[in-house]
Amino acid sequence: MTLIETSDLWKTYQMGAETIHALRGVSIQIQKGEYVAIMGPSGSGKSTLMNLIGCLDTASKGDYRLNGKLVSGMNDDELAAIRNREIGFVFQTFNLLPRATALHNVELPLIYNGTPARERNEKARLALTKVQLDDRMMHKPSELSGGQRQRVAIARALVNNPSIILADEPTGNLDSKTSEDIMLLFDHLYNQGNTIITVTHERDIANHAHRVLSILDGQIASDQAGARQKALTH
Amino acid sequence: MITGSLFKIAVDALRANKLRSGLTLLGVIIGVTSVMTIVSALQGMQDAIEEDLSQFGPSTFMVARIGMAMSDEEFFEKLKRKPITMKSVSLIEKGCSLCSKVSPRANTGARVKYKDQALRNVMISGVTADAFEVVEVQLAQGRFHTPDEDRMRRPVAFISDKLRENLFEGVDPLGKEITINGRKYTVIGTEKKSGPFGDNQERGYAYIPMSTYATQFGEPSRIMLAVKAVSVGALQDAMDQTRMILRSQRHVPFDKPDDFDILTADIVLDVINGFTRILRLALIGISSISLVVGGIVVMNIMMVSVTERTREIGIRKSLGARQKHILLQFLFESLMVTLAGGILGIVLGFLAAKGLMAKIDMNLAPSIAAISLGLAISGGVGLFFGIYPAMKAARLDPVKALSYE
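Just so you know, these numbers come straight off a predicted model, no measurement behind them. (Residues numbered from 1 in each chain as written. Chains lettered and ligands numbered in written order. Predicted model: local features only at pLDDT ≥ 70, side-chain atom pairs only at ≥ 80, totals over all residues.)

Engineer: Help me out: how do you make sense of the overall build of chain B in this one?
Structural biologist: A tally of helices and strands in chain B yields 14 helices and ten strands. Against the globule reference of 22 Å for 405 residues, chain B gives a C-alpha radius of gyration of 31 Å, more extended than a compact globule. Projected onto its principal axes, the C-alpha coordinates of chain B cover approximately 100 × 55 × 40 Å. By the burial criterion, 40% of the 405 residues in chain B qualify as buried. A separation threshold of at least 6 residues defines the contact pool for chain B, and within that pool the share at least 24 residues apart is 84%. (Helix = DSSP H or I, 4+ residues; strand = E, 2+ residues; numbered from the N terminus. Rg over C-alpha atoms; globule rule 2.2 N^0.38 Å. Buried ≥ 20, exposed ≤ 12 C-beta atoms within 10 Å, placed from the backbone. Contact = placed C-beta atoms within 7 Å.)

Engineer: Help me understand the environment of B:I284 in this model?
Structural biologist: Residues and elements named next belong to chain B. By secondary structure assignment, the location of I284 is in helix 10 (residues 265–308). Once the C-alpha coordinates of I284 and S34 are considered, the two residues, 250 residues apart in sequence, prove to be 8.9 Å apart. If we skip the residues at most four places from it in the chain, I284 touches I38 and V39.

Engineer: Got a minute to help me understand unusual backbone geometry in this structure?
Structural biologist: Across residues other than glycine, the phi torsion is negative in most instances, and most of the peptide bonds are trans. The phi dihedral of A:F94 falls on the positive side, at around 70°, and the residue is not glycine. Position of A:F94 relative to the elements: it lies in the loop between strand 7 (87–90) and helix 3 (102–111). The buried category is assigned to A:F94, around which 23 C-beta atoms lie within 10 Å. With phi around 50°, B:K115 is a residue other than glycine that occupies positive phi space.

Engineer: Looking at this structure, how should I read the domain arrangement of chain B?
Structural biologist: Many descriptions give the size of an interface as the accessible area lost when the pieces come together. Splitting chain B by domain gives domain 1 (2–52 + 270–402) and domain 2 (100–231). Using C-alpha coordinates to define each centre, domain 1 of chain B is positioned 52 Å away from domain 2 of chain B. (Domains from an automatic or database assignment.)

Engineer: Looking at this model, I keep getting lost on the interface of chain A and chain B. Mind explaining?
Structural biologist: With 20 residues of chain A at the interface, the matching set in chain B holds 18 residues. Sorting the residues of the side of chain A that touches chain B by element identifies helix 2 (76–86) and helix 3 of chain A as the ones contributing at least two each. Considering each element in turn, the side of chain A that touches chain B owes the most residues, six residues, to helix 2 of chain A. Residue composition of the side of chain A that touches chain B, grouped by class: ten nonpolar, five polar and five charged. (Nonpolar A, V, L, I, M, F, W, Y, C, P; charged D, E, K, R; others polar.)

Engineer: When you look at the pairing of strand 7 (residues 183–191) of chain B in this model, what are you seeing that I'm missing?
Structural biologist: Within a regular strand, side chains alternate between the sheet's two faces. Residues and elements named next belong to chain B. Strand direction decides the pairing type here: strand 4 (residues 139–142) and strand 7, joined by three bridges, are antiparallel. Bridging from a neighbouring strand, G142 pairs with G189 of strand 7. The pairing of strand 5 (residues 156–159) with strand 7 spans four bridges and is parallel. Bridge pairing in strand 7 places V156 opposite T186. In this sheet, strand 7 lies alongside strand 6 (residues 177–180) in antiparallel orientation, the contact comprising four bridges. Its bridge partner lying in strand 7, T179 is registered against K184. (Pairing = 2+ DSSP bridges.)

And the structure:
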């Protein structure tokens, strides 16, 4: 089942007198249950592509279908609803609310779809248990290590059972040992049937994926099976 | 459901920034307090004036040569008028079918003395016994004079609270003998303390029977009348009948205005209100400036808060918060601050106004109208000055907000 389908996606910025084409006609398809890495150097347009896939931004030209629904052309609030239901973000800088507990941070997506408080609490606890943070629920981000913070963010991404987990340089702020732990967690989530898209410029991280999309100058340069995929032959 | 959660988020944000919330609160408190002080004090004055005028009674009107003059010129013009005499009393009694009582009143100044206490130029009013039915004089102790006492020219006096205070400090005045221009009178009653506007005679005043008055000061050549209509509904028609009787008695040509004044409580109130309107508007206007300043404080702080929390807004939006969710979150913050400030401002403003009123011996009761007005004003300030920062927050672009440092 095709989850993501973009056709000839363009994103153009106006910087003063200069016109910058961040994306120049990107057409990709991603199936449900895939683990895809989007790779490319900085300035290649991979973050722009991630923003479009994550419905944080809209394309200047071209169509984007998510779960069969045409997302390009939706307004701000419709996009917010899609983000809430379909997408779980994991950011490089974690993006947790500093003053809120881990539990409250995980509850946030549920607040905005009107989940009743008790159910919210149960689901958030369950999500935190899944990332082995059941003993840190009432801690604030400042009381957690980098790896723990990222696991809170992953729990938050999972809590609404989204179609895609979208990770933007998820290990960019972590040491290599912790990075490996986080990537193992992604592997585990993938094995449970989640669709995962990571955006990265690190080959090691991309190697966890079973498919690697390389992007260069706003265009897809290559679309290959990942290293692991080759090795394990799923 | 969502609204409740957003409300809680707003409360948490306010609590997390106690100093900032406190300063905003202070701005609102000062603004609301100043407006509420002025509004409550003005309301208190208005109530006091109305209470004083209620002595008139709802179906009573006054007829006088000079009822009211709003300027010197008007006063001097009215001085040329012929006096109203006792003859008018019987004419109105006969001719006005809708008048139930006509009570004449003659005034003069006299020297009043009790033992060593003497006062010059105290207003002495000669009134018939039914004056106390026409004009609602409040009895503190004792009684008014009776028709019999009037007929028999008894030397009895009913004194105002001010006069009692001036003459009888710490002494029960009932049955005591005072002298008016040397003639002995027995005090038979005292009037209740009236409002600050009721007793405009600094030394106080005394009522004595009309016939006694005529005996001592001579048959009065100029009087004023208090007339009671048969009912409240008939007041206007009774005034018209009286007006026609007096115009014909005084030979006023049909194309000339009345050469006497007819007053009711409402007419007096209208005149006073018209006279003080500009002053009241100016006071409310000036006090409103601090409210606007308070509002600007709210707006300023909310703008800073939105900028400071740009990233938080980006995070919330990435997790599915819609524009209205962000809008409500920030609007709740400004509303909560202004309403809390409003409640405190209402209380402080009321206490300040009460203090002011106490200086002129007036009481002030909290009124539902003033409280609702205060709440409406503070809520309005929160909405008006909070909506722009909240909209700014709601419309932030999630990508830009997330990358904000």
